[in-house]
Amino acid sequence: MSKKIIATTSLAGCFGCHMSILDIDERILDLIELVEFNKSPIDDIKKFTKQVDIGIIEGGCCNSENVEVLKYFRENCNILVSLGECAIMGGLPALRNGIPIEECIHEAYIDGPTVKLNEEKILPNDVELPMLLDNVYPCHDIVKIDYFLPGCPPRADLIWNALVALITGNEMDLPYELIKFD
Amino acid sequence: MKEKIKTILQKYNNDRGRLMDILIDLMENSGYIDDFSVSVLAEDLKISAAQVRETISFYHFFSEKPKAKFNIYLNNSITSCLRGFSSIKSTFEAESGIKFGEISSDGLIGLFETSCVGMNDQGPAAIINDKIFTNLTPYRARKLIESIKDGKTLDGLVYENYGDGNNSHPLMNSMVYNNIRKKSILLDENYERFDVIKNIIKNSSSEEVIQIIEDSNLRGRGGAGFPTGLKWKFGSRMPGEHKVIICNADEGEPGTFKDRVMLTQYNDLVFEGMVLSAFATKADMGVLYLRYEYKYMLKYLNSILDEMRENNLLGSNISGIEGFNFDIRIQLGAGAYVCGEESALIESMEGKRGEPRDKPPFPVEKGYLDLPTIVNNVETLASAVKIVKNGAKWYSSFGTKDSLGTKLLSVSGDCRFPGIYEVEWGTSIREVLEMAGADNVQAVQVGGPSGTLINVKDIDHLSKTELMKWYKPSGMMAAQKSFDRKLSYSDLPTGGSIIIFNKERDILSDVVMNFMDFFIEESCGSCSTCRNLPRIMKEKLQKIINGHGVRDDIDDLLNWGKIIKVSRCGLGQTAANPVLSSILNFRHLYEEHVMAMTDYDNQFDLGKSVSAANSFVGRKLIHKHS
Ligand SMILES: Cc1cc2nc3c(=O)[nH]c(=O)nc-3n(C[C@H](O)[C@H](O)[C@H](O)COP(=O)(O)O)c2cc1C
Ligand code: SF4
Ligand code: SF4
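Residues numbered from 1 in each chain as written. Chains lettered and ligands numbered in written order. Predicted model: local features only at pLDDT ≥ 70, side-chain atom pairs only at ≥ 80, totals over all residues. Heavy atoms only, no water.

A. Representation of the interface of chain B and chain A within the structure. On the side of chain A, 25 residues touch chain B, which itself brings 20 residues to the contact. For the chain B and chain A pair, buried surface summed over both sides reaches about 2000 Å², with 63% attributable to carbon and sulfur atoms. The three residues of chain B that bury the most area against chain A are Phe-604, Phe-616 and Arg-619 of chain B, which together make up 31% of that side's buried surface. Remark: the boundary between chain B and chain A carries one salt bridge. Here chain B is connected to chain A by 10 residue pairs in polar contact (both at pLDDT 80 or more). No other element matches the eight residues that helix H25 (residues 606-617) of chain B contributes to the side of chain B that touches chain A. (Contact = heavy atoms within 4.5 Å. Buried area = accessible area lost by both parts, 1.4 Å probe. Salt bridge = Lys/Arg side-chain N within 4 Å of Asp/Glu carboxyl O. Polar contact = N/O pair within 3.5 Å; in protein donor to acceptor, adjacent residues only side chain to side chain. Helix = DSSP H or I, 4+ residues; strand = E, 2+ residues; numbered from the N terminus.)

Shown next, in the form of structure tokens:
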């Protein structure tokens, strides 16, 4: 069996989900036997170099770059997995949904208690910067997502079991403790 | 101000449990509950300000902001929408110069929307300062605003005679009509007021009464159909000095209004039923929980209770029965559909947010103030009186084998004769439509939004077993010979709401969307499933209606409909039914809308989504994105 190829990315997330991937501990050695990583912060490959089997997305979309990366993943991955609360629901960043984006920007750059050095009241508008979306969107609102792994972050065992299932094509082992949250 | 609050508090003995009544009195007094009142209440009731506020914020008719002199609550239920809601709404807005949700700057007029007010047979209706205004039209809306601006009083706004029967009793002065279209054994004249209390229970034991009710197979008429005899037996066997009988008159299921008519015209029968069940279960405390929308009946109902007290039909040693002490008080709700759920109702009666309790324990074990509590629907209690009077054998000569007796139907929607029909169980939908004069029918909603949407055609998309996998209550079965289906506990159980839709109606955007809005509005918010799923289901449905749906969307809806069943109470458990039931019986409507050749579509538009931020930061160049 040829090795499956995996890619990962963090969009509007906190990298906690990636940390949870690393939490599979020494099983990462088993994983390396089973898969090859392509574009991912784990190996710092920036561009896809080939078609990938499984793309893992952390975080939802809060700006135009997130949208672009997500679409780029969809084009290059056969299976896309939304990993964690932010990817699935928007998560913590989506708390701004419901507050007009103008107010958010104003608070962040002009009015907020931590804004000290912006006397000229500059709002970031360089063309190089990603553009902010009106809301933070879950990934499945932007592209088709095939699987969802809930949790904030999803437990390492959940990630491991899901990857094993996807790689081997077997049914996923989902013991109750893995999906019980309270 | 402080004096006023103190007087109200004294009236209720500074009892924290009577917070609902205290707040209702305060609203009546001051029009709203300000910060100062909250702090006085908190101090004197020995609870935190947050506890006062959490109750205030739960109920539709409480407000922490000043209200207007005339607050117009226009009903947005489905039949109201079918009969011109939107043009009436825009007339109100145009004439008063404000939008719904606002109050005019001079404080004269406030406009608000509200869920079904129990007037589906004479809608669109509005409540203005506790008074009901029925059969609204844009013309009447304009006249109402004109009269208010002319300085008329509330009573001066009444545009017609008062309604029929007790509706025009001086203590009621209401323009509501009973619209009773068909009477049978519950509503007929064969009734001697309070005969059962005066003459029958005197010579029977509590066990005998319960036996008759058990033999009659009477089942709860509030929707769930629990055997009444059994409930009373449990109640009677519970130990304890104090027990409670609650008559559930919250009647919030859109499309039902039979309890309103019972309480208007047959209140003696209902109160007699409460006394009867108190006798059977040895209860000493009785409460009629009356939805706020029916507040116009309060004075009148209290006068009946007074009359009963004077005649020793309430109070101590009732009707000369040694040791039979029982009295009834009326508890007003404050506008929350979920308070019809018995444990939420009890929470509300204790002055708290109307959030359903976890069960068990059931109310009959541990209910109001932790006392054994028997909750019954208005119609159930009234039926019990007729049964005890005439015998179980008599009763079982009506109805079908599994559903004995009769049922009050509240019929509304597209028909010539909306109103109350008392039919025997086993009556078919076709017969009901004939009685009500409904032609050109496309669909019938049986049992309100939480019930079943029946298709006029006999469509059988899913096998029954397939369906049962994701839906439990027997109410929703594959539509076989839909219109010949019979109203009964085994085929089509119902709390009695029947809403008829003709062929002009758009099932998805007129009906299903309206019902989903109802559940979204009325969820108490405790369970994440019930708080969120109806909302995202509605969004998904809108996406399908917009022509952006794909086949997977229909599957998503079905799957989410399964998940929502884990919700705590019946509201959440049935909140997906409008969607599930319409997919089941009108699947072609969904399939017409979804794109057959695409397997994914989002309505996401990057350009649109970044435009607000871009223009705010003054960013000119918008990249062309893929
Ligand atoms: C969301 C919800 C709303 C309800 N509303 C009412 C109501 O308005 N009136 C009513 O009698 N029962 C209502 N019920 C049913 C009550 O919980 C309870 O079963 C009923 O009052 C018991 O009386 P019965 O056995 O005589 O039907 C409701 C239940 C739920 C879940
Ligand atoms: S889901 Fe939790 S851990 Fe993962 S990116 Fe979001 S906040 Fe971080
Ligand atoms: S199901 Fe809905 S209404 Fe019932 S308790 Fe849960 S959130 Fe509240």
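Alright, that's what it looks like, and here's the rest.
B. How the structure looks around the sheet that holds strand E3 (residues 126-128) of chain B. All names here are of chain B. One open sheet holds the four strands; their spatial order is E2-E1-E3-E4, and the pairing between them is mixed. The sheet is open, and its two borders are formed by strand E2 (109-114) and strand E4 (131-133), each paired with just one other strand. The sheet shows a mean angle of 25 degrees between the axes of neighbouring strands, direction not considered. Across six bridges, the pairing between strand E1 (residues 70-75) and E2 is parallel. Note that in E2 the partner of Asn-71 across the bridge is Gly-110. (Pairing = 2+ DSSP bridges. Axes fitted to C-alpha atoms, helices over the stretch in contact; angles between N-to-C directions.)

C. Molecular detail of the sheet that holds strand E5 (residues 180-182) of chain B. Residues and elements named next belong to chain B. The strand order E5-E11-E10-E14-E12-E13 describes an open sheet built from six strands, whose pairing is mixed. Single-partner strands in this sheet number two, and they are E5 and strand E13 (452-455). Going from strand to strand, the sheet's axes swing by 30 degrees on average, the running direction of each strand aside. Relative to strand E10 (residues 406-413), helix H11 (residues 258-265) is tilted by about 115 degrees, and along the sheet it contacts E5, E10 and strand E11 (419-424).

D. Local environment of the nonpolar core. One finds Leu-41, Trp-232, Met-262, Met-308, Phe-326 and Tyr-590 of chain B to be the most contacted residues of the largest nonpolar core, which totals 151 residues. Once residues lying within four places of it in the same chain are set aside, the contact partners of Tyr-590 of chain B are Leu-508, Val-512, Leu-541, Ile-544, Ile-554, Leu-557, Val-579, Ser-582 and Ile-583 of chain B. With 24 residues, the next largest nonpolar core counts Leu-11, Ile-57, Leu-70 and Met-131 of chain A among its residues. (Core = buried A, V, L, I, M, F, W, Y, C linked by side-chain atoms within 4.5 Å. Buried < 20%, exposed > 50% of the residue type's maximum accessible area, 1.4 Å probe, protein only.)

E. Region of interest: the environment of Tyr-137 of chain A. Looking at the element boundaries, Tyr-137 of chain A is found in strand E6 (residues 132-137). The buried category is assigned to Tyr-137 of chain A, whose relative accessible area is 15%. Along the backbone, Tyr-137 of chain A and Glu-103 of chain A are 34 residues apart, and their C-alpha atoms lie at a distance of 18 Å. The contacts of Tyr-137 of chain A, once residues within four sequence positions are left out, are Gly-60, Cys-61 and Ile-142 of chain A together with Phe-604 and Ser-609 of chain B. A polar contact is formed between the side chain of Tyr-137 of chain A and the side chain of Asp-134 of chain A, at a distance of 2.8 Å.

F. Inspection of the packing of helix H1 (residues 2-11) of chain B against helix H3 (residues 35-45) of chain B at higher detail. Residues and elements named next belong to chain B. At a closest axis distance of 10 Å, the pairing of H1 and H3 adopts a crossing angle of 40 degrees. The orientation of H1 relative to H3 falls into the category oblique. Considering only the axes of H1 and H3, their crossing is right-handed. Packed against H1, whose contacting residues are Lys-2, Ile-5, Lys-6 and Leu-9, the element H3 presents Phe-36, Ser-37, Val-40, Leu-41, Asp-44 and Leu-45 at the interface. Grouping the amino acids of the contact of H1 with H3 by side-chain chemistry returns six nonpolar, one polar and three charged. (Parallel < 35°, antiparallel > 145°, perpendicular 65-115°, else oblique. Left-handed = near helix turned anticlockwise from the far one by under 90°. Nonpolar A, V, L, I, M, F, W, Y, C, P; charged D, E, K, R; others polar.)

G. Examining unusual backbone geometry more closely. The omega angle of the peptide bond from Cys-152 of chain A to Pro-153 of chain A is -10 degrees, so this bond is cis rather than trans. With respect to the helices and strands, the residue Pro-153 of chain A is situated in the loop between strand E7 (147-149) and helix H6 (156-168). Put simply, Lys-359 of chain B and Pro-360 of chain B share a cis peptide bond, and its omega is -10 degrees. Secondary-structure assignment places Pro-360 of chain B in the loop between helix H14 (342-349) and strand E9 (373-377). In this structure, Lys-121 of chain A takes a positive phi of about 55 degrees despite not being glycine. Relative to the helices and strands, Lys-121 of chain A resides in the loop between helix H5 (101-111) and E6.

H. How the structure looks around the state of the cysteines. Tallied over the full model, the rule gives zero disulfides over all chains. The structure places no disulfide on Cys-415 of chain B, whose sulfur is separated from the nearest cysteine sulfur, that of Cys-116 of chain B, by 14 Å. (Disulfide = S-S within 2.5 Å.)

I. Highlighting the environment of Lys-503 of chain B. Residues and elements named next belong to chain B. Locating Lys-503 in the fold gives a position in the loop between strand E14 (497-502) and helix H19 (507-522). C-alpha separation for the pair Lys-503 and Leu-45, spaced 458 residues apart in sequence, amounts to 56 Å. Setting aside residues up to four positions removed in sequence, Lys-503 forms contacts with Asn-440, Val-441 and Gln-442.

J. Geometry of the site of ligand 2. Residues and elements named next belong to chain A. Around ligand 2 sit Gly-13, Cys-14, Gly-16, Cys-17, Glu-58, Gly-84, Glu-85, Cys-86, Gly-151, Cys-152 and Pro-153, and that is every residue in its neighbourhood. Elements supplying a minimum of two residues to the shell around ligand 2: helix H1 (16-22) and helix H4 (84-89). Sorting elements by how many residues they give to the shell around ligand 2 places H4 first, with three residues. Taken together, the residues that form the shell around ligand 2 break down as five nonpolar, four polar and two charged. (Near = heavy atom within 4 Å.)

K. Fine view of the packing of helix H12 (residues 267-281) of chain B against helix H15 (residues 378-390) of chain B. All names here are of chain B. Their axes nearest at 7 Å, the elements H12 and H15 cross at an angle of 75 degrees. With respect to H15, the axis of H12 lies roughly perpendicular. Residue-level contacts link Leu-269, Val-270, Glu-272, Gly-273, Met-274, Leu-276 and Ser-277 of H12 to Val-378, Leu-381, Ala-382, Ala-384, Val-385, Lys-386 and Val-388 of H15. Across the contact of H12 with H15, the residue classes tally to 10 nonpolar, two polar and two charged.

L. Local environment of the domain arrangement of chain B. Residue and element names in this part refer to chain B. Per the domain assignment, the segments of chain B are domain 1 (2-55), domain 2 (70-160), domain 3 (181-395) and domain 4 (506-626). Centre-to-centre, using C-alpha coordinates, domain 2 lies 33 Å away from domain 3. Each side of the interface is counted separately: domain 2 has 10 residues, and domain 3 has 11 residues. Around 910 Å² of area is buried between domain 2 and domain 3 when both sides are counted, 54% of it from carbon and sulfur atoms. Contact with domain 3 buries surface across domain 2, with Cys-116, Gly-118 and Asp-130 losing the most and accounting together for 48% of the total. Run the count over domain 2 and domain 3 and you get two salt bridges. (Domains from an automatic or database assignment.)

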